[in-house]
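The lines below spell out each chain.
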Amino acid sequence: MELDLEKIQEFIAANPGTIALEFHSSIVTQGISILQMLETAFPDTKFVIIGESPFPSCCVDYISAKHITTSGIIHFGHICVPASPIPMLHIPEIHSFSLEPLKEKLDDLSESVHVHADQHNEAMKHQVEQVLQEANKTVASIEEAKSIVYLGEGYSIPSLIRNSHQEVFTLGEQGLQKHNPYVFISKRYHYISQVKDSEVFGILILSIPLYNQVSKKIKGLLASHNKSAYPIYLGKINTLKLGNFSEVDMFVVVGCPHLELPDNSELYKPVITPFELEVGLKGNWDGTYSTEFEGMEYNQTSRNAKVADRFTDRDFKGLEPSVEGVKEIEEGYNGIAQVYHSELNN
């Protein structure tokens, strides 16, 4: 991956201190080599790699960057939203792979094709479109095309799917690969059909900014159908974490549209998206699919009191429920679990 050292130098000068480095999943294997290049070019600057993030790799993990007290973060590769509450520099990945695998499999594509690429790869997108037009293929919009070709790897396939009839391909270093939207949508329909029979929904918050945008719409949607909603903030979705909420019938994940949905067969209760929730409650699905959620405003705020009390019916009420008042106040730990402030002085 080529680095714009001049741009990086300007960013470091404007934000002196420790710089966090974050890599998209498609280029994470280059992380150490890029770190070594930066340490050689800027020996007076300390760099730290964010090795694990609770968010999709296209999201800026400013929370982890704050935990390690950095002055800024550099995100390498594909990014969904180029915004951050702390100083951030985006270094895009410019694709330059061979188009021969595409030319060899042009017959696998339908007559109308949409080429999808981020704004930093417009040049290669035009090259691919030219190859398609020379083969008498029609370049169409993503809604009208029968085949979709995404340039690059590590992209969330569900976010490219619009219906079960489209063919989805990715073109990258591994050649031209085909994905099956029909199998994916068939699985999602299975969970969509369970929405109406569910009463209690846990709203899994993986992105606070996005949750703030859609929370009223989701809660209003559930209330209008006499359903209960409980917001639950999570870092990562896994079986053990969700197993703590046995009263919940289904979970609705609010996160980046490029989030890889978990395998529901491994979970106690299924996880769906806000779009799937709306389709399941309204029952008017026309077969189109989207990982985006627009929704509409609802004025109803009533909810089923019976299912709302499920949490209060738990046998476990907390530690020592018979103890009343405060026995003794002690100063607790301060900082994060990785290194508490009291441990820094030892």
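Before going into details, it helps to say that this report is about the structure given with it. (Residues numbered from 1 in each chain as written. Predicted model: local features only at pLDDT ≥ 70, side-chain atom pairs only at ≥ 80, totals over all residues. Heavy atoms only, no water.)

Let's talk about the environment of Asp249
Residue position: Asp249 is located in the loop between helix H8 (239–242) and strand E12 (250–254). Separated by 47 residues in sequence, Asp249 and Gly202 place their C-alpha atoms 7.8 Å apart. Separated by 2.9 Å, the side chain of Asp249 and the backbone nitrogen of Glu199 make a polar contact. (Helix = DSSP H or I, 4+ residues; strand = E, 2+ residues; numbered from the N terminus. Polar contact = N/O pair within 3.5 Å; in protein donor to acceptor, adjacent residues only side chain to side chain.)

Observations regarding the sheet that holds E12
Reading across from one edge, E11-E10-E12-E13 is the order of the four strands in this open sheet, with parallel pairing throughout. Looking at the sheet topology across the chains shown, the edges are occupied by strand E11 (228–233) and strand E13 (271–272). In the sheet, E12 pairs with E13 via two bridges, with the strands oriented parallel. Counterpart to Phe251 in the pairing with E13 is Val271. (Pairing = 2+ DSSP bridges.)

A closer look at the sheet that holds strand E7 (residues 147–151)
The strand order across the open sheet formed by five strands is E6-E5-E7-E8-E9, and the pairing between neighbours is mixed. On the outer flanks of this sheet lie strand E6 (138–139) and strand E9 (175–179), each paired with one strand and no other. Bridge count between strand E8 (residues 167–172) and E9: five bridges; the pairing is antiparallel. Residue pairing across strands places Phe169 opposite Lys178, the latter belonging to E9. Strand contacts of helix H5 (residues 122–134): strand E5 (112–116), E6, E7 and E8, with the helix running at about 170° to E5, the strand carrying the most contacts. (Contact = heavy atoms within 4.5 Å. Axes fitted to C-alpha atoms, helices over the stretch in contact; angles between N-to-C directions.)

Comments concerning unusual backbone geometry
For Thr69, which is not a glycine, the phi torsion comes out positive at approximately 50°. Here Thr69 is to be found in the loop between helix H3 (62–67) and strand E3 (72–76). Even without a glycine there, the phi angle at Asn226 is positive, about 60°. Within the secondary structure layout, Asn226 lies in the loop between helix H7 (208–224) and E11.

Quick notes on the packing of aromatic side chains
Any two aromatic rings considered together are summarised by their centre-to-centre distance and by the angle between their planes. Inspection of the entire model under this criterion finds four aromatic pairs. With centroids separated by 4.9 Å and ring planes inclined at 15°, the aromatic side chains of Phe23 and Phe76 adopt a geometry described as stacked. Placement of Phe23 in strand E1 (residues 19–23) and of Phe76 in strand E3 is noted, with a sequence separation of 53 residues between them. Residue class for Phe76 comes out buried when judged on its relative accessible area of 0%. Ring geometry for Phe184 against Tyr289: centres 5.3 Å apart, planes inclined by 90°, an arrangement best described as edge-to-face. On the criterion of sequence distance, the pair formed by Phe184 in helix H6 (residues 181–192) and Tyr289 in the loop between helix H9 (274–282) and helix H10 (305–308) is long-range, its members being 105 residues apart. You'll find Phe184 and Tyr289 in the same group, each marked buried. Here the aromatic residues Phe184, Phe275 and Tyr289 are joined through ring pairs into a cluster of three or more. (Phe/Tyr/Trp six-rings, centres within 6.5 Å; stacked < 30°, edge-to-face > 60°. Buried < 20%, exposed > 50% of the residue type's maximum accessible area, 1.4 Å probe, protein only.)

Notes on the layout of surface pockets
By volume, the largest pocket amounts to about 940 Å³. Contributing to the lining of the largest pocket are 43 residues, with Ser207, Leu210, Gly255, Cys256 and Pro257 lying nearest its centre. If you list the elements that add at least two residues to the lining of the largest pocket, you get H3, H7, E12 and H9. Grouping the constituent residues of the lining of the largest pocket by class yields 30 nonpolar, 11 polar and two charged. By volume, the second largest pocket is sized at about 590 Å³. Around the second largest pocket, the lining is made up of 29 residues, and of these Ser53, Phe55, Pro56, Ser57 and Lys236 lie nearest the centre. In terms of residue class, the lining of the second largest pocket is built from 14 nonpolar, 11 polar and four charged. (1 Å grid on protein atoms, 1.4 Å probe; cavity = no way out; pocket = protein on both sides within 12 Å on 5 of 7 lines; lining within 4 Å. Points joined across faces, edges and corners; volume = space filled by probe spheres on them. Nonpolar A, V, L, I, M, F, W, Y, C, P; charged D, E, K, R; others polar.)

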